[in-house]
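# Breakdown of the fold
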Amino acid sequence: MSQQQLTPLSQVLLAAGLVAASLPGWAQDANTTDRKAGVIQEVVVTAQKTAQPASKTPVALSVVSADDLKDAGITDARGLAEVTPNLQMGQESGKLQIAIRGVVSLDMTEKGDPSAAFNVDGAYVARFEAQMGAFLDLDRIEVLRGPQGTLYGRNATAGAINLITAKPAKLFGARIEGEIGNYGARRIEGMINVPINDVLSLRAAASKTQRDTYLNPGPNTDIPLESKSDYAGRVHLLAKISADSSLLLTAETSHQGGNGATPVPMGNFFTGTYIDRLPFSPPDTGNNIQNPVYIDRGSAAQRTTGLRFQATDAHRDNDAHALRAEYKRSLGFAELTYQLAYMKSQVDEVQNGVYFGFPFRGEVPGTAESTSHELRLNSQGSGPLRWVAGAYLFDEKVHRDTIYRTFITAPFGSFTVTVPFNVDVRNKSKAVFGQATYALQPETRLTMGLRYTKDDKTGSDTLAGTPATPPATSSPAAYSTGVAFSNTSWKLGVDHDLTPGTMVFGSVATGYKAGGFNDQVTAGTYKPENLTAVELGVKSKLMQDRLQLTASLFHYDYKDMQLNSVVCRTNDPSTCGSVTTNAASSKINGAEIESRWLVSDNGQLRASVALTDAKFGTYKPNATDDWSGQRLDRAPRSVVSLGYSHRFNLESGADITATVGTRLNSGYTISDPAAGVRYGQPSFRKSDASLGWTSPDQKTQVQLFVKNIEDKITIESRVPGSFFIGDPRTYGVRASYSF
């Protein structure tokens, strides 16, 4: 089809992608290079609950393969932000915080829910701390940007992240790999795949990771600062029951160990007038800084725990265990899939911090159990109609015995303020869903989807932040409450093949995140948030499949966004608690481009550009501040990723691959709505490089690597008086052997 036949929008998107593809870039896609044919191979994804080529999936989608993860040195979920546009991944108190296109959940407590659906092999992982594990022996990761309300349901207003693990194969194979680096980093991972007989095959993998702290102790030479001592394991047993049916059984465990979560003072990054203080708070301390001004003090100073801590027994001892079963059977007209998933996580942490400038100790023990069922039918055959329909059931119980202690020294003496919680939360969700795609013409398809969800959340706390007076076992602040919501999410889309290698698409879709209640009785409840997204895009393979690009434009109408902050009813720390409220509506507009270009059989250029304009509507976060028209948190105006990799073939048959890349971020804000304070992370650049050797038989690999060459320290999340920060420069060597 000639260029003149393209619509104006398609011409703009295609031209933008071609410009981006001419730039060097960093790994953004899981499609791998066929060394013999010199083309970018197609990758099949299951982002829409059915197997489909990524280039023919009409959604904003990035796919990262196991090789891409290895080349980029990514060993946990936070690293995905390095290879995915418009994705910000941070951590708060050891919990994963995901922001996609400026949509994020900031309530990391037991009553909070994520804004992005995090799934492992299709099973939803509800608790933030459990999302940090299970990052081993992966086949690929699919990152869906934009609301996924129809197929993924509740708590997917930002999008979805799908970890797809490597499954048992028919041939015997094994691999072992190790890594050592600075800050005492050590990592080992092993995998074995065993075909037991014609019916059964098994795949098992395990890993162990250790690392010393990144932080400088300052006055805390006797305090254990945040470190890592993790392990994980997974066993898949696949039974090919017949030519038409199979059963996959999975057992998985992960452990997060090491020293407890440790933030650094706000003053490491900002100057200004300290507020949210007690009359006798130490100088230059407080829970916030009014009108903060960023000062680049350098990596060493920014990583220093400059205020005195108290918990000499700080530690992290968290476990997550999962059991999954997936049964598939062909019914001729459709494939039946039933998935059962059970997860139990146990938390045992002692955390350090500061509160009103005084040492703060958080003791966080507890458990969470969840069970989910999904029954799904996917159409089979080659007719013009493709469809998926199903039902979903989720049940979660969370318990926390949390105690926060602030050790205060005042002119009239020293004392401890104790804020205890004894929380039980129950989440129940039921849904039915369906999505159908009909080919109006061979090259034009219409998609319609619908999902109905009913959510119930109940909670009780016998203490709710106030100690009980013996012999009573509950306090006057105790509460028992519940909320219920229902939602109908929908999607309408169309995609069209301009040429055999170029598809344009457009859609309107909605997403929904459940409402809830606060842990202060007087703070009440908050409403669900809803998001409506309009997306236009193009996906193209050009130059005999040596150039691949995707581009999209999007507009969000974001209503009742849930924002979270610590609110104190008085200057007494015992009256403080985490409060979620609904902000005014906001608008988010943006554009994204991803590209990969094989400039030669041995050289590859990669690039991505993400532009975002995310602003509040009319919004006053408190009685005195007005944030109307200001930018949303964690929504940088632009992120540009550039890089190049080249393979040098040696006469022996071995090869050496050199890769270099950089990521430029225009900066973002992290805010406290209750205090009306916004902390601006200025623009920054982080670059990586690696040099790898592969043996002639492709079985042995050795790689030298360095990440964050600039040693740039960035703020990832905020707690009162402090920040959790990104990783400093790291380097090391990794090696693997396959047999």
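Below or above, wherever it landed, is the structure these notes cover. Because the structure is a prediction, the values reported are computed rather than measured.

What follows covers the nonpolar core. Inside soluble globular proteins, nonpolar side chains tend to come together where they are buried. In terms of nonpolar packing, the biggest core is built from 45 residues, with Met-89, Ile-98, Phe-118, Ile-141 and Ile-161 touching the most fellow members. With sequence-adjacent residues up to four places away left out, Met-89 is seen in contact with Ala-77, Arg-78, Leu-80, Ala-81, Leu-96, Gln-97, Ile-98, Ile-161 and Glu-716. Ranked by size, the runner-up nonpolar core spans 22 residues in total, among them Leu-215, Tyr-679, Phe-684 and Ile-725.

With that settled, consider unusual backbone geometry. The omega angle of the peptide bond from Pro-470 to Pro-471 is 10 degrees, so this bond is cis rather than trans. Its location among the elements puts Pro-471 in the loop between strand E27 (444-461) and strand E28 (479-499). Even without being glycine, Asp-284 reaches a positive phi, approximately 55 degrees. Looking at where Asp-284 falls in the secondary structure, it is placed in the loop between strand E19 (270-275) and strand E20 (288-294). With phi around 55 degrees, Phe-356 is a residue other than glycine that occupies positive phi space. Turning to its location among the elements, Phe-356 is positioned in the loop between strand E23 (334-355) and strand E24 (358-379).

On inspection of all chains with the given rule, the structure shows 48 salt bridges. Linking Glu-710 and Arg-685 is a salt bridge whose minimum nitrogen-to-oxygen distance equals 3.2 Å. Taken together, the residues Glu-710 in the loop between strand E43 (700-707) and strand E44 (715-719) and Arg-685 in strand E42 (residues 684-694) connect sequence positions 25 residues apart. Given the relative accessible area of 42%, Arg-685 is considered partly exposed.

Another point: a nonpolar patch on the surface. A cluster of nonpolar side chains, namely Phe-172, Ile-176, Ile-188, Ile-192, Tyr-737 and Phe-739, defines an oily patch on the protein surface of about 570 Å² accessible area. Mapped onto the fold, Ile-192 is located in strand E14 (residues 185-195).

This next bit is on the pairing of E24. Along any regular strand, the residues point their side chains to alternate faces of the sheet. Pairing of E23 with E24, which is carried by 22 bridges, proceeds in the antiparallel orientation. When the sheet's bridge partners are listed, Tyr-342 is paired in E24 with Thr-371. Once E23 ends, the chain turns through two residues before running back antiparallel as E24, passing Phe-356 with a positive phi of about 55 degrees. One ladder, built from 17 bridges, connects E24 with strand E25 (residues 385-410); its direction is antiparallel. Note on E25: the bridge partner recorded for Ser-370 is Glu-396. The antiparallel hairpin formed by E24 and E25 contains five residues in its connecting segment, where Gly-381 sits at a positive phi of about 110 degrees.

The subject of this paragraph is the packing of aromatic side chains. Here the structure, examined in full by the defined rule, presents 23 aromatic pairs. Measuring from centroid to centroid gives 5.6 Å for Tyr-737 and Phe-739, while their planes differ by 25 degrees, and the two rings are stacked. For Tyr-737, a relative accessible area of 37% puts it in the partly exposed group. Clustering of aromatic rings is evident, with ring pairs tying together Phe-269, Phe-270, Tyr-294, Tyr-679 and Phe-723. Here the basic side chain of Arg-734 rests over the ring of Phe-705, its NZ or CZ set 3.9 Å away from the ring centre.

Turning to the sheet that holds strand E11 (residues 138-145), a few remarks are in order. Spatial strand order, E5-E11-E12-E9-E10: five strands in an open sheet with mixed pairing. The open sheet has two edge strands, strand E5 (61-65) and strand E10 (123-124), and neither has a second partner. Alignment of strand E9 (residues 116-120) against strand E12 (residues 159-165), held across five bridges, turns out to be parallel. Among the inter-strand pairings, Phe-118 is bridged to a residue of E12, identified as Ile-161.

With respect to the helices and strands, the residue Gly-732 is situated in strand E46 (residues 730-738). As a C-alpha pair, Gly-732 and Ser-690 span 42 residues in sequence and 9.7 Å in three-dimensional space. Apart from the residues lying within four places of it in its own chain, the contact partners of Gly-732 are Ile-180, Gly-181, Gln-703, Leu-704 and Phe-705.

Turning our attention to the sheet that holds strand E45 (residues 722-725). Two strands in a sheet stick together by hydrogen bonds in their backbones, pointing the same way (parallel) or opposite ways (antiparallel). Strand order across the open sheet formed by three strands is E18-E45-E44, with antiparallel pairing between neighbours. Where the open sheet ends on each side, the last strands, each with one partner, are strand E18 (264-265) and E44.

Criteria and thresholds
- Residues numbered from 1 in each chain as written.
- Predicted model: local features only at pLDDT ≥ 70, side-chain atom pairs only at ≥ 80, totals over all residues.
- Heavy atoms only, no water.
- Core = buried A, V, L, I, M, F, W, Y, C linked by side-chain atoms within 4.5 Å.
- Buried < 20%, exposed > 50% of the residue type's maximum accessible area, 1.4 Å probe, protein only.
- Contact = heavy atoms within 4.5 Å.
- Helix = DSSP H or I, 4+ residues; strand = E, 2+ residues; numbered from the N terminus.
- Salt bridge = Lys/Arg side-chain N within 4 Å of Asp/Glu carboxyl O.
- Patch = residues over 30% accessible without salt bridge, like charges linked within 9 Å, V, L, I, M, F, W, Y side chains within 5 Å.
- Areas by Shrake-Rupley, 256 points an atom, 1.4 Å probe, with all protein chains shown as cover.
- Pairing = 2+ DSSP bridges.
- Phe/Tyr/Trp six-rings, centres within 6.5 Å; stacked < 30°, edge-to-face > 60°.
- Lys NZ or Arg CZ within 6 Å of the ring centre and 35° of its normal.

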